[in-house]
Amino acid sequence: MSIRPWRHIERRKSRKIMVGNVAVGGDAPISVQTMTNTPTVDAQATIAQIKRCEAVGVDLIRVSCPDKESTAALKDIVRAAEVPIIADIHFHYKRALEAADAGAACLRINPGNIGSSERVAEVVRAAKANGCAIRIGVNAGSLEKELLEKYGEPCPDALVESALNHIKLLQDQDFHEFKVAVKASDVFLAVASYKALAKAVDCPLHLGITEAGGLIGGTVKSALGIGNLLWDGIGDTLRVSLSADPEQEVRVGYDILKTLDLRTRGVRVVSCPSCARQGFDVVKTVKALEERLAHIATPISLSILGCVVNGPGEARETDIGVTGGGQGKHMVFLSGVTDHTVEDAKMLDHIVALVEAKAAEIEAEKAKEKAATVAAE
């Protein structure tokens, strides 16, 4: 029996595809995506935004290609990006052909507005010729007219039927490098649709609650919907759709995965909401630490607790812990054990230094293990 079996999530078995150099599906890590919101024709602004997203760990980035000028700019964007670029295509299939030629690693097409099966076949030929994957993006807001007439409204059966119809179009062209999304802004509809589709196909699934809202509301909505599916083992890649900066989408996506222990990146902070017992300003300290430790990619757990009620207990479960004490002196725990105290005025810089040192130690150990493995081979 595994340790803490209640924490185990059995992931749905799916086929693995490649989106550029990023594996999606199978046993690959669940990848985190976002989408630029700069005008694509402004290549420099779009590249700058991509670089900010790369700095917080994004795996894949989608770029909208609404016109010929955008697909012309895509070539420079693809060349400058360090992560694979997905071209977002709506209405005009020729944009997909141009995007494939421009170096997009994946073409996102919507069966509700891409056009006839002949046009889809042309897109598939371009994808094959350029080594592109395809993402079928079914959306409750843009279902095919015949499906809306058949079902009367967007519903799980309608979204799944749309997805299956489009999957068949790709398979009829002997194309199998695809992933599928059945998004809706309604959490209940999205979750039910994904769960039904997961039983019907073996392709990778792209998770998302579309048009989720602003930073706080959209985060809650996405965490409930995406988290529900991930907890059920469903999902191979995800995008949190927020009316906020794309970097925030990436951070929220990773936080959802970290909460479910499906993927770890950066510092996982355990902190209390604070109260009158706090020995230091917890809220201010956590905010400052999140900003100053954003550059850390190494998985590390950090507990910041204002007093001794739960502080020592939480510190036992984290790599580094701080518990508020009296007279401006606070206890510091390393690997769950009380190690020393730190004064209030020096605490922030001290914690940052401890986390950076721990990250360096972990990375050095990883490098040593990798070197040993290579030597053994």
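Here's a quick rundown of the structure. (Residues numbered from 1 in each chain as written. Predicted model: local features only at pLDDT ≥ 70, side-chain atom pairs only at ≥ 80, totals over all residues. Heavy atoms only, no water.)

Some thoughts on the sheet that holds strand β11 (residues 267-271)
And then number 1: Judged by pairing direction, the sheet is mixed, and its 5 strands sit side by side in the order β11-β12-β13-β14-β15 without closing on themselves. At either end of the open sheet lies a strand with only one pairing partner, and these are β11 and β15 (337-343). Between one strand and the next, the sheet's axes are offset by a mean angle of 20 degrees, whatever the strand orientation.
And then number 2: Judged from the 6 bridges that link them, strand β14 (residues 329-334) and β15 form a sheet pairing that is antiparallel. The residue bridging M331 from the neighbouring strand is T341, located in β15.
And then number 3: Along the sheet face, helix α12 (residues 347-376) touches β11, β12 (300-305), β13 (320-323), β14 and β15 and points at about 160 degrees away from the line of β12. (Pairing = 2+ DSSP bridges. Helix = DSSP H or I, 4+ residues; strand = E, 2+ residues; numbered from the N terminus. Axes fitted to C-alpha atoms, helices over the stretch in contact; angles between N-to-C directions. Contact = heavy atoms within 4.5 Å.)

Things to note about the environment of C203
And then number 1: Structurally, the position occupied by C203 is in the loop between α7 (187-200) and β9 (206-207).
And then number 2: Assessed through its relative accessible area of 1%, C203 is described here as buried.
And then number 3: A C-alpha to C-alpha distance of 5.2 Å links C203 and R15, two positions 188 residues apart in sequence.
And then number 4: With near-sequence residues (within four places) excluded, C203 lies in contact with R12, S14, R15, I167, F178, V180 and D236. (Buried < 20%, exposed > 50% of the residue type's maximum accessible area, 1.4 Å probe, protein only.)

What about the pairing of strand β8 (residues 178-183)?
And then number 1: By the criterion of burial, β8 is predominantly enclosed, with 6 of the 6 residues buried.
And then number 2: Burial of β8 is two-sided: the residues F178, V180 and V182 facing one way and the residues K179, A181 and K183 facing the other way are all buried.
And then number 3: As paired elements, strand β7 (residues 133-139) and β8 share 6 bridges and run parallel to each other. Across the sheet, the residue bridging to V138 is V182, located in β8.

Things to note about the packing of α7 against helix α8 (residues 215-231)
And then number 1: Contact pair α7 / α8: the axes reach a minimum separation of 10 Å and the direction vectors enclose 20 degrees. Of the possible angle classes, the one that applies to α7 and α8 is roughly parallel. Note that α7 runs across α8; the crossing there is right-handed. Between α7 and α8, the residues in contact are V187, V191, Y194 and K195 and K221, G225, N228 and L229, respectively.
And then number 2: Split into classes, the residues belonging to the contact of α7 with α8 amount to 4 nonpolar, 2 polar and 2 charged. (Parallel < 35°, antiparallel > 145°, perpendicular 65-115°, else oblique. Left-handed = near helix turned anticlockwise from the far one by under 90°. Nonpolar A, V, L, I, M, F, W, Y, C, P; charged D, E, K, R; others polar.)

Here's the deal with the layout of surface pockets
It is a probe the size of a water molecule, rolled over the atoms, that shows where empty space is left.
And then number 1: Considered as a void within the structure, the largest pocket measures approximately 880 Å³ in volume.
And then number 2: Q248, R251, D255, K258 and E290 are the residues nearest the centre of the largest pocket, which is lined by 27 residues in total.
And then number 3: For the lining of the largest pocket, the secondary-structure elements that each account for two or more residues are α8, α9 (246-259), β11 and α10 (282-292).
And then number 4: Residue contributions to the lining of the largest pocket peak at 8 residues, all from α9.
And then number 5: Residues that form the lining of the largest pocket fall into these classes: 15 nonpolar, 4 polar and 8 charged.
And then number 6: Of the pockets and cavities examined, the second largest pocket occupies roughly 420 Å³.
And then number 7: Broken down by secondary-structure element, the contributors of at least two residues to the lining of the second largest pocket are α9, β11 and β12.
And then number 8: Counted by class, the lining of the second largest pocket contains 4 nonpolar, 4 polar and 8 charged residues. (1 Å grid on protein atoms, 1.4 Å probe; cavity = no way out; pocket = protein on both sides within 12 Å on 5 of 7 lines; lining within 4 Å. Points joined across faces, edges and corners; volume = space filled by probe spheres on them.)

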